[in-house]
Amino acid sequence: MHELSIAEALVQHVTEAMAGSAPYRVTRVRLRIGLLSGLAADALAFCFEVVTRDTPLEGSALEIESVPVAIRCDPCGQIVELPEAPPLRCPRCNQASAAIVRGKELEVESIDVEDEIQNMTRSEPAS
Amino acid sequence: MTPRIVELRQGLLKKNDQLAAALRLRFQDAGVFVVNLVSSPGTGKTLLLERTLSALKAGGGRPAALVGDLETDRDAQRLARAGVPVRQIQTHGICHLDADMIERHLDGWDLASHDLLFIENVGNLVCTSSYDLGESCRVALLSVTEGEDKPLKYPGIYNSADAVVITKIDLADVCEFDRDAARAHLFDVRPGVRLIETSAKTGQGFDDWLAFLEERPQSR
Ligand SMILES: [Zn+2]
């Protein structure tokens with residue numbers, strides 16, 4: 001399943017990005033997923049739960065931003081967002097275009113991280 | 001404690017894309033043109049490839065194939081009968097090939113002794129669309145038995161294809177396959193894409209298909 005590979009890649013990306021940091025816990029993961037990426041959000045959520053077990057991402061909230069499809073339309077000379085795709089056709093001039101500018105994303109945008117305090121007391125100014 | 005936000009802004013397939021870019025250079029250096037064949041299961045990919053390899057070899061070509069399958073090597077065995085080098089990639093349940101699998105299966109293979117390398121991807125129209133394998137061009141298959149609206153259901157893969165081979169065209173009438181509708185739907189997701197109608201059973205359209213391969217069309 002595609003979603004499993006993607007979820008595994010996600011954990012790997014986060015773990016590598018955080019390599020060398022003090023103990024931490026990820027509380028939230030933000031993804032940008034294009035509507036043409038072929039990824040099913042619910043399947044990804046399921047796989048995410050499975051592959052994050054026993055990792056610093058365990059229990060974190062998965063936020064998926066769906067990115068609509070946008071094409072570059074030559075006659076209009078601009079990038080047009082498509083309310084519905086396919087067809088990849090400019091709603092203004094009806095010209096078809098295969099130049100997809102957005103909508104195929106599979107990206108991790110950011111993560112929320114809590115630094116874990118282990119067996120030590122820390123005096124912090126009251127916030 | 002308030003969590004801090006760590007910006008990553010990374011493509012999840014970045015590693016695959018980097019590996020694929022390296023593979024692409026390696027293929028170019030070896031002078032081998034690489035075709036990534038994608039389709040749903042049962043489109044007749046292996047039969048098309050079997051006939052293609054035989055025809056290319058008979059014409060003095062030096063083709064080879066890498067065949068991806070979930071578990072068995074039945075397809076590779078079939079293709080090997082064409083008398084050309086065939087290697088099997090068993091993905092063990094993974095629904096697509098990735099650049100790493102390709103790289104690992106090129107070990108000890110003298111790529112320069114081939115002019116054309118086919119990669120028969122796993123039968124899947126969703127997952128295969130996201131993975132660049134370093135190919136020179138991507139060809140998607142659509143069989144007349146699948147229905148004309150398949151491109152609309154799987155726009156991602158057909159959009160990324162440099163050509164679409166319609167297979168089993170000898171069954172078009174029996175299946176009431178509407179050529180015009182299929183063409184219109186394909187153009188909806190990939191305007192102007194090259195279409196080649198074939199039958200690996202009767203040989204119909206194979207001249208067009210072989211001519212397309214002869215052109216060495218580079219990906220957009
Ligand atoms: Zn327009």
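Structure shown above.
In what follows, the accompanying structure is described. (Residues numbered from 1 in each chain as written. Chains lettered and ligands numbered in written order. Predicted model: local features only at pLDDT ≥ 70, side-chain atom pairs only at ≥ 80, totals over all residues. Heavy atoms only, no water.)

Here the focus is the sheet that holds strand E4 (residues 78-81) of chain A. All names here are of chain A. Within the open sheet, the 3 strands sit side by side as E4-E3-E5. Their pairing is antiparallel. Strands with a single pairing partner mark the edges of an open sheet, and in this sheet they are E4 and strand E5 (100-102). The average angle at which neighbouring strand axes cross in this sheet is 40 degrees, direction not considered. Relative to E4, strand E3 (residues 70-73) runs antiparallel, the two being bridged by 4 bridges. Bridge pairing in E4 places alanine 70 opposite glutamate 81. (Pairing = 2+ DSSP bridges. Helix = DSSP H or I, 4+ residues; strand = E, 2+ residues; numbered from the N terminus. Axes fitted to C-alpha atoms, helices over the stretch in contact; angles between N-to-C directions.)

Moving on, we come to the packing of helix H1 (residues 2-17) of chain A against helix H2 (residues 41-52) of chain A. Residues and elements named next belong to chain A. The N-to-C vectors of H1 and H2 enclose an angle of 50 degrees; their axes lie 8 Å apart at closest approach. One way to sum up the angle between H1 and H2 is to call them oblique. Both H1 and H2 take part in a crossing whose hand is right-handed. In this structure, H1 uses Glu3, Leu4, Ile6, Ala7, Glu8, Leu10 and Val11 to contact H2, whose residues at the interface are Ala43, Leu44, Cys47, Phe48, Val51 and Thr52. (Parallel < 35°, antiparallel > 145°, perpendicular 65-115°, else oblique. Left-handed = near helix turned anticlockwise from the far one by under 90°. Contact = heavy atoms within 4.5 Å.)

All names here are of chain A. Within the first shell, the zinc ion binds the protein through Cys73 (SG), Cys76 (SG), Cys90 (SG) and Cys93 (SG), at distances of 2.1 to 2.3 Å. Metal-centred angles of 97 to 116 degrees between the 4 donor atoms at the zinc ion mark the site as tetrahedral. Look at where the donors of the zinc ion fall in the sequence and you get C-x2-C-x13-C-x2-C. Look at cysteine 73 and you get buried, because its relative accessible area is 1%. (Donors = N, O, S within 2.8 Å, 3.2 Å for Na, K, Ca; no water. Tetrahedral: all angles 85-135°; square planar, octahedral: opposite > 155°, others 65-115°. Buried < 20%, exposed > 50% of the residue type's maximum accessible area, 1.4 Å probe, protein only.)

This paragraph deals with the pattern of salt bridges. Residues and elements named next belong to chain A. All told, the structure shown has 24 salt bridges over all chains when counted by the stated rule. We note a salt bridge from arginine 28 to aspartate 112, for which the minimum N-O separation is 3.7 Å. Taken together, the residues span a long stretch of sequence, with arginine 28 in strand E1 (residues 24-34) and aspartate 112 in strand E6 (residues 106-115) at a distance of 84 residues. One salt bridge in this structure joins arginine 30 and glutamate 63, with 3.6 Å as the shortest N-O distance. Of the two residues, arginine 30 is situated in strand E1 and glutamate 63 in strand E2 (residues 61-67); the sequence distance between them amounts to 33 residues. Within the structure, one salt-bridge network assembled from shared partners comprises Arg28, Arg30, Glu63 and Asp112. (Salt bridge = Lys/Arg side-chain N within 4 Å of Asp/Glu carboxyl O.)

So, on to the sheet that holds strand E8 (residues 194-197) of chain B. Residues and elements named next belong to chain B. Pairing is parallel across the open sheet formed by 7 strands, whose spatial order is E4-E3-E5-E2-E6-E7-E8. Looking at which strands have only one partner, the edges of the open sheet turn out to be strand E4 (86-90) and E8. Averaged over all neighbouring strand pairs, the angle between strand axes comes to 20 degrees, with direction disregarded. As judged from the 5 bridges shared by strand E3 (residues 63-69) and strand E5 (residues 116-120), these two strands associate in the parallel manner.

Our focus in this paragraph is the pairing of E8 of chain B. All names here are of chain B. Bridging between strand E7 (residues 163-167) and E8 involves 4 bridges; their strand directions are parallel. Residue pairing across strands places isoleucine 166 opposite glutamate 197, the latter belonging to E8. Read as a crossover between parallel neighbours, the route from E7 over helix H7 (residues 179-189) to E8 is right-handed. (Right-handed = clockwise from strand over helix to strand, strands pointing away.)

As a further point, take the pairing of E7 of chain B. Within E7 of chain B, 5 of the 5 residues are buried, which leaves it mostly tucked inside the rest of the structure. The side-chain alternation of E7 of chain B yields two buried faces, one formed by Ala163, Val165 and Thr167 of chain B and the other by Val164 and Ile166 of chain B.

Attention now goes to the interface of chain B and chain A. Taken residue by residue, the interface counts 33 residues in chain B and 37 residues in chain A. Where chain B abuts chain A, roughly 2,900 Å² becomes buried across the two surfaces, and 58% of that area is made up of carbon and sulfur atoms. Applying the counting rule to chain B against chain A returns 4 salt bridges. Aspartate 115 of chain A serves as the salt-bridge partner of arginine 4 of chain B, at 2.9 Å between the closest nitrogen and oxygen. Taken together, the elements giving at least two residues each to the side of chain B that touches chain A come down to strand E1 (4-11), helix H1 (14-30), helix H6 (155-159) and H7 of chain B. Top contributing element to the side of chain B that touches chain A by residue count: E1 of chain B, with 8 residues. (Buried area = accessible area lost by both parts, 1.4 Å probe.)

What follows deals with the environment of aspartate 162 of chain B. Mapping aspartate 162 of chain B onto the fold places it in the loop between H6 and E7. For the pair aspartate 162 of chain B and glutamine 218 of chain B, spaced 56 residues apart in sequence, the C-alpha separation works out to 8.2 Å.

Purely geometric stuff here, so don't read any function into it on its own.
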